[in-house]
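Take a look at the letters that make up each chain.
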Amino acid sequence: MRLCVRPIQVLVSLGVLGALLAFARLSSAQPSQAPEVPVRGVVEDVEDVYVPVPTGQPSPQAKAYSPYAGRKYPTRVLWGDTHLHSANSGDAFTTGNRFTPEETYRIARGEEVISATGLPARLSRPLDFVVLSDHAEGLGLITQVYEGNPALMGDSTIQRWSRMIKAGGTEASAAVTELIGAQATNALPSVLTDPKVAGPLMMSVWQRAAVMADQYNEPGKFTTLIGFEWTPTPGGDNLHRNVLLRDGQARASQVFPFSSWNSEDPEKLWAWMEAYEQRTGGRALAIPHNGNLSNGRMYAAQAFDGTAITKEYAERRQRWEPIQEIVQMKGASESHPKLSPSDEFLEYGIAGWELGNLTLGGKLTPEMMPTSFVRAGFMRGLEHEAKLGVNPFKSGVVGSSDAHNALPFVEEDNFFGKFPGQEPRADRWKDRSSTGQGEGGAARYTWQYLAAGYAAVWATENTREAVFDAMTRRETYGTSGTRMTVRFFGGYGFTPEDAQSRYLAEVGYTKGVPMGGDLKPAAAGRTPTFLVAALKDPQGANLDRIQIVKGWLDGSGKAQEKVYDVVWSGDRKPGRDGRLPPVGDTVDVARATYANTIGAAELTTVWQDPDFKPGQRAFYYARVIEIPTPRWTAYDQVRFGVKMSAEVPMKQQERAWTSPIWYTP
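Residues numbered from 1 in each chain as written. Predicted model: local features only at pLDDT ≥ 70, side-chain atom pairs only at ≥ 80, totals over all residues. Heavy atoms only, no water.

Caption draft 1: Representation of the overall build of the protein chain. Looking only at helices and strands, the protein chain features 15 helices and 26 strands. Its C-alpha atoms give the protein chain a radius of gyration of 28 Å, near enough to 26 Å, the size a compact globule of 665 residues would have. Dimensions along the principal axes, computed over C-alpha positions, put the protein chain at roughly 95 × 70 × 55 Å. Taking all 665 residues of the protein chain together, the buried fraction comes to 56%. The contacts of the protein chain with a sequence gap of at least 6 include a subset with a gap of at least 24, amounting to 74%. The average position of the 70 basic charges and that of the 74 acidic charges among the side chains of the protein chain differ by 2 Å. (Helix = DSSP H or I, 4+ residues; strand = E, 2+ residues; numbered from the N terminus. Rg over C-alpha atoms; globule rule 2.2 N^0.38 Å. Buried < 20%, exposed > 50% of the residue type's maximum accessible area, 1.4 Å probe, protein only. Contact = heavy atoms within 4.5 Å. Lys, Arg positive; Asp, Glu negative; His and termini not counted. Charge placed at Lys NZ, Arg CZ, Asp CG, Glu CD.)

Caption draft 2: Here's a closer look at unusual backbone geometry. Backbone torsion omega between Ala-452 and Gly-453 reads -5°, so that peptide bond is classified as cis. By the element assignment, Gly-453 lies in the loop between β12 (396-399) and β13 (454-459). Phi angles above zero are rare outside glycine, and Asp-402 is one such case at about 65°. Positionally, Asp-402 belongs in the loop between β12 and β13. Using a relative accessible area of 2% as the deciding quantity, one classes Asp-402 as buried. Positive phi values are uncommon outside glycine, yet Ala-406 reaches one of about 70°. By the element assignment, Ala-406 lies in the loop between β12 and β13. Using a relative accessible area of 0% as the deciding quantity, one classes Ala-406 as buried.

Caption draft 3: Fine view of helix α8 (residues 195-216). In a regular helix each residue adds 1.5 Å, so 22 residues correspond to 32 Å; α8 covers 30 Å between its end C-alpha atoms and thus fits that length. Every buried residue of α8 is listed here: Ala-198, Met-202, Val-205, Trp-206, Ala-209, Ala-210, Met-212, Ala-213 and Tyr-216. An end-on view of α8 places all buried positions within 160° of arc, on one side of the element. Those residues of α8 that are exposed and aimed more than 90 degrees away from the buried face are Lys-196, Pro-200, Arg-208 and Gln-215. (Expected span 1.5 Å × (residues − 1). Arc of directions from axis to C-beta.)

Caption draft 4: Region of interest: the sheet that holds strand β10 (residues 323-328). A sheet is described by the order of its strands in space; here three strands give the open sequence β11-β10-β12, paired in mixed fashion. With partners counted over all chains shown, the strands left at the sheet margins are β11 (331-332) and β12, one partner each. Here β10 runs beside β12; their pairing, made up of four bridges, is parallel. When the bridges of β12 are listed, Gln-324 appears paired with Val-397. Each of β10 and β12 is contacted by helix α12 (residues 374-388), which is oriented at about 155° to β10, the strand it contacts most. (Pairing = 2+ DSSP bridges. Axes fitted to C-alpha atoms, helices over the stretch in contact; angles between N-to-C directions.)

Caption draft 5: The arrangement of the packing of helix α4 (residues 101-108) against α8 in detail. In the contact formed by α4 and α8, the axes pass within 9 Å of each other and the chain directions differ by 30°. One way to sum up the angle between α4 and α8 is to call them roughly parallel. Considering only the axes of α4 and α8, their crossing is right-handed. Counted together, Pro-101, Glu-102, Tyr-105 and Arg-106 of α4 and Ala-209, Met-212, Ala-213, Gln-215 and Tyr-216 of α8 form the full contact between these two elements. Looking at the contact of α4 with α8 residue by residue, the classes come out as six nonpolar, one polar and two charged. (Parallel < 35°, antiparallel > 145°, perpendicular 65-115°, else oblique. Left-handed = near helix turned anticlockwise from the far one by under 90°. Nonpolar A, V, L, I, M, F, W, Y, C, P; charged D, E, K, R; others polar.)

Caption draft 6: Local environment of the environment of Gly-235. Following the sequence through the fold, Gly-235 ends up in the loop between β7 (223-230) and β8 (241-245). Those residues in contact with Gly-235, other than ones at most four positions away along the chain, are Ala-184, Asn-357 and Thr-359.

Caption draft 7: Focus on the side chain of Thr-224. Relative to the assigned elements, Thr-224 resides in strand β7. A distance of 2.6 Å separates a polar side-chain atom of Thr-224 from the backbone oxygen of Ala-213. Leaving out residues up to four positions away in the same chain, Thr-224 has contacts with Tyr-105, Val-130, Ala-213, Asp-214, Tyr-216, Asn-217 and Arg-464. (Polar contact = N/O pair within 3.5 Å; in protein donor to acceptor, adjacent residues only side chain to side chain.)

Caption draft 8: Quick look at the pattern of salt bridges. Summed over the entire model, instances satisfying the criterion amount to 41 salt bridges. Here Glu-218 makes a salt bridge to Arg-109, at a shortest N to O gap of 3.6 Å. Of this pair, Glu-218 sits in the loop between α8 and β7 while Arg-109 sits in the loop between α4 and β4 (113-114), placing them 109 residues apart in sequence. The class of Glu-218 is partly exposed, set by a relative accessible area of 28%. Through salt bridges that share partners, Glu-344, Asp-544, Arg-545, Asp-565, Arg-572 and Arg-579 make up one connected network. (Salt bridge = Lys/Arg side-chain N within 4 Å of Asp/Glu carboxyl O.)

Caption draft 9: Examining the side chain of Gln-422 more closely. Mapped onto the elements of the fold, Gln-422 is located in the loop between β12 and β13. Since its relative accessible area comes to 6%, Gln-422 is described here as buried. In terms of polar contacts, Gln-422 uses its side chain to reach the backbone amide nitrogen of Lys-418, at 2.9 Å. Beyond its immediate chain neighbours, meaning those up to four positions away, Gln-422 contacts Phe-416, Gly-417, Arg-428, Thr-446 and Tyr-449.

Caption draft 10: Structural view of the sheet that holds strand β21 (residues 602-608). Taken together, four strands build an open sheet; the order of strands is β16-β15-β18-β21 and the sheet is antiparallel. Of all strands in the sheet, those with a lone pairing partner are β16 (512-514) and β21, marking the two edges. Between one strand and the next, the sheet's axes are offset by a mean angle of 15°, whatever the strand orientation. In terms of strand pairing, strand β15 (residues 485-491) meets strand β18 (residues 529-535) through seven bridges, oriented antiparallel. Looking at the pairing, Val-486 lines up with Ala-534 of β18. Here helix α14 (residues 504-511) sits on the sheet and contacts β15, β16, β18 and β21; the angle it forms with β15, its principal contact strand, is near 30°.

Caption draft 11: Spatial organisation of the environment of Tyr-445. Tracing the chain through its elements places Tyr-445 in the loop between β12 and β13. Remark: the alpha-carbon pair of Tyr-445 and Gly-481, spanning 36 residues in sequence, is separated by 20 Å. Not counting chain neighbours up to four residues away, the residues in contact with Tyr-445 comprise Trp-429, Lys-430, Asp-431, Arg-432 and Ser-433.

Caption draft 12: Layout of the environment of Thr-435. As for its placement among the helices and strands, Thr-435 is situated in the loop between β12 and β13. As a C-alpha pair, Thr-435 and Glu-325 span 110 residues in sequence and 20 Å in three-dimensional space. Beyond its immediate stretch of four places on either side in the chain, Thr-435 contacts Leu-358, Thr-359, Leu-360 and Arg-444.

Put into C-alpha cells, the structure is as follows:
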C-alpha cells in the first residue's frame, strides 16, 4: 500500500499540536496538576493528543446522577459446578473416565470433546466457575492399580481389581461395586491406606492438579477453585463433603487433602480445615451433600460419636459449612412428600432415592426422614438454636452435578449421566445402578438419576476470592439445571412499587438483606416483607410461579412449615382449598418438545408474611417453578426410538431454590 502525505494538512496538524503542547506546558506549571487522558477524533492524523481532565471530589449532583457509580453489590449471577470428578477419582477411573484435570477444565469452559463412549460432547454454554472435587481417598491410586504399579501389586485383591478394570464393561462395574463396598466397611487393602506407600503417590497427584487449576484460572472469565471430596460412608450412610479452598497452588500444595481414611468424623475434618488456615494463611469451606442418602445422619441431634451436639459443635459447623447441596444427580434433598404432605411439588427427584442410603445397605425409615432432608434440617436448626443459642444447620444452598465422567451436562436434552456407563445409548434407562442392592432386591436404575444441577452465585466479580466470599455469606442458590436468574431480599420496608423498579437489586440491598442474610429483630408493629424476582433461562422454559417456603417455631418450641404461592403467571386464582390451579402443559412426549405459550418470562412481587409473630424464630426461602418440560428420558425415547416402561417419568417442572433468609427475635 502506498502512503500519501498532504503537506498542508500536516502543517495545520503540527500547528494545532504545538498549541496544545504549549498549553500543556503552561498547565504543568500550575500548582495542581491534573492527570492526562487521550482524546481521539478532535484533530485528524494525530495519534495521541492529551488534554487535562479536572480532578478533585465529585459534586453532590455527580454522586446522585449515575446509578452505577460506587456500586458494590453483585450485579451478575455466576454459574458453576462445585462437584465434578476427573480420572483422579478412583470410582470415576474404574468406570471408564480417562479425562485428566486439564481436560476436565477445558470441558467446563465449553470446549467440545469425545466422551468415554466415543460420542461428541459439549456444554450448551460454558460454566463461569468449577471445582474439581476428586475423592481424597486414594487420590489417583486407581490409575496406579490399572497400570500395575509394583508398589501396589503385592496384594491379591489389587491384582484382581487391576484385571477387572482393564477388562472393562461389567467386570469394571463389579470392581467399582467392590471398591465402594470396601470403602464403606473399612475393608480396603492395607497397602492403599499405607501412608509410606500411597502417600507420595497421592501427594504428587494433588500437587499436579493444583498446578493445573492455577493454569486454567482466568480471573474475570473462568474461575477454577481448588478442592477435593471427603467421602465418609459409614455403613453406606452418605456424609460426604466437598472442601473448597480460596487459594492457589502455592498454599494448597503445602498440605494433602484430609480423607475419610484419616477419619469419618466431620469434626476432624473441621479441625483439618482450621489447621490449614493457620498453617497457610488461606481459607477453606465445606459443602455437605446428599442428605437424602444419609439415613438421618446429616441433620441428626447427635455428633458422629453419638453424643448430643453442643453449642461449640453448632458454632463450628456453621463456621465451616456455610452452604450445602440441595440437588444433584442422586436426587433432590429439599423435602419428602411424607414430611410435607401439603407441598404438591415434592415428587421431583424422589423415586429410587428414598429406598435407603448410598449403598442400599440401610433402609430409610420414617424416623430417619426428619433429619435427612434440607428443609427439615433448617427446621431442626431452629429447634437447636432455641436451646443452644446457635443454629448448627444455618446454611445456604447450591446445586451441583457429581458427574464422574467429567461431563457436567445437566440440560435435559444433553444429559450424559453420572458415570461413563450411563452415557447416551438406547437401553441405558433400564440399567441397574452400581451402588448396591437393598432389602427384597431393591435397586436403583439409571432412569431415576437426575439431569441436575448447577450452583448459582451472586459474586461481585468472577474470581476465586469473590466466588468463595459469596459462598461464605450464603448469597447462592441451586437449580435443577436451568439457568434462571433469581433475586430474593428480606426487609421491613418493601412496597409493591419496588417490584416494578428498574433498579430492583439496588432497592433490595438498600432496604433489606439478600438470600443468605439475617433480618433484624422486628420493631413493634412491623412485619417482614420480601422482594422476590425471577427471570427465565434465556434458552429454557417460561415460569409457572414463585413460592416462599417458611419454617418457624410455634409456641411449644416445635418447628412448623408452610408453602405460600406469592406470584404466578396468567390469570389463575387459588381455589377454596387455597391451591393455585396448575399452569397447564404443552409437552409433546412423542416428539420431546414443548411450547412457551403458557407461563411468564419474568415474575416479580413484594410479599408480606401474613402469619408473622415477632417472638417466633423463622426462616424463609424462595422456590421458583418452571412450566412442564420434557425430561431426559423423553429425549432418549425419541432419539433412540425406544419405548420405556410406564413408571419412567417423561416430563417434569424444573426449579430453583434460594438460600434462606433467617429471622431471630
